[in-house]
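What follows is each chain in one-letter form.
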Amino acid sequence: MRTHRTATALLAACALVLAAGCSSSGGKEAKDSTGADGGKGRAADTPRMKVAMVTHSGEGDTFWDIVQKGAKVAAAKDNVEFLYAANKEGKEQAQLVQSYIDQKVDGIVVTLAKPEAVRDVVKKAVAAGIPVVTINSGGEFSRALGALTHIGQDESVAGEAVGEELNARGKKKAVCVIHEQGNVSHEARCAGVKKSFKGTVENLNVEGTNMPASTSTIQAKLQATGDVDAVVTLGAPFAAASVQAKKGAKASAEVNTFDLNADVVKQLKAGEIGFAVDQQPYLQGYLAVDELWLNKVNRNVVGGGKPVLTGPALVRQKDADALADLTADGTR
């Protein structure tokens, strides 16, 4: 697994180098901006493309803002018109994908959080000759649906990394907070924690689109179960909710989370969060758009069709200062 992660990380790096160097190696003049916000660099002189991204994002989830930021930077570099739509419900997500098939876009980026709901429409896109890249969730289903590649972290491996870190911290009883029921990635994360953690893990479902209700549910759990010494949330906004719930319950459980944002980094620095799992969402958006462009102009397939891993990486208090400016800019 370590060898596989290293190989895919190298492939991802090669993709970035290739994208920046097409002017000298492939006859496609492109100048990449050096700024994280896209800067004012000259776009590729390749034919204009239209790429659509459809995700399962719920309202207020800052994770997807970071994904979009990476995608937009790649789109500006690659002379791509970038379109974005999201719906947390699988049926509606499938309808959004269909709308982009009808528009005859040049490529589609899609998440597979609820693969049964979007499976048929993804196959339909591929059958229509529209290349598809899957990102973030459901990577194990990507290849069977005909996608070029999947870009994201292995959720089971990420969960196991969390379990191992909890072991190292001497934790005994954890609650894994699931904010979107039916999301296969969330289930895989909590299952991974259970697999490697030597203590006990209990899943706690919360209403992810209602933050006050989520906070109350977590607080009630901590009040009712006094021996919980670790809370694991699956998204950065729910880490903040858990910190608030912990204070309300006067509990001592350590809060840990998947994903980063500016608030999580501040809470890491303050010692309110123990550690975070970074899957580099900016890179997921950037590489997805860049892969569709590279495939169009140079027939490249990043990762050779195998998943390209962008995580997991554990971020602890000592790492917070180095990431503060980046999270404030919305790139980490």
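Remarks on the side chain of S214
Item 1. Examined against the element boundaries, S214 turns out to sit in helix 9 (residues 211–224).
Item 2. You can call S214 buried: its relative accessible area is 0%.

Observations regarding the sheet that holds strand 4 (residues 132–135)
Item 1. One open sheet accounts for 6 strands, arranged 2-1-3-4-5-11; its pairing is parallel. A strand with exactly one partner marks an edge of an open sheet, and here the two such strands are strand 2 (80–86) and strand 11 (308–309).
Item 2. The sheet contact formed by strand 1 (residues 49–55) and strand 2 spans 7 bridges and is parallel. For M53, the partnering residue across the bridge sits in strand 2 and is Y84.

Brief notes about the side chain of S185
Item 1. When you line up the elements, S185 lands in helix 8 (residues 184–196).
Item 2. Owing to a relative accessible area of 4%, S185 belongs among the buried residues under this scheme.
Item 3. Beyond its immediate chain neighbours, meaning those up to four positions away, S185 contacts N136, S137, G138 and E155.

Side note on the state of the cysteines
Item 1. Under the criterion given, the structure shown has 1 disulfide.
Item 2. The partner cysteine of C176 in its disulfide is C190, sulfur to sulfur 2.0 Å. Looking along the S-S bond of the C176-C190 disulfide, the torsion reads about -80°, which is the left-handed sense. Here C176, found in strand 6 (residues 173–178), pairs with C190, found in helix 8; they are 14 residues apart in sequence, far enough to count as distant.

Rules used in this analysis
- Residues numbered from 1 in each chain as written.
- Predicted model: local features only at pLDDT ≥ 70, side-chain atom pairs only at ≥ 80, totals over all residues.
- Heavy atoms only, no water.
- Helix = DSSP H or I, 4+ residues; strand = E, 2+ residues; numbered from the N terminus.
- Buried < 20%, exposed > 50% of the residue type's maximum accessible area, 1.4 Å probe, protein only.
- Pairing = 2+ DSSP bridges.
- Contact = heavy atoms within 4.5 Å.
- Disulfide = S-S within 2.5 Å.

These figures capture arrangement, not role.
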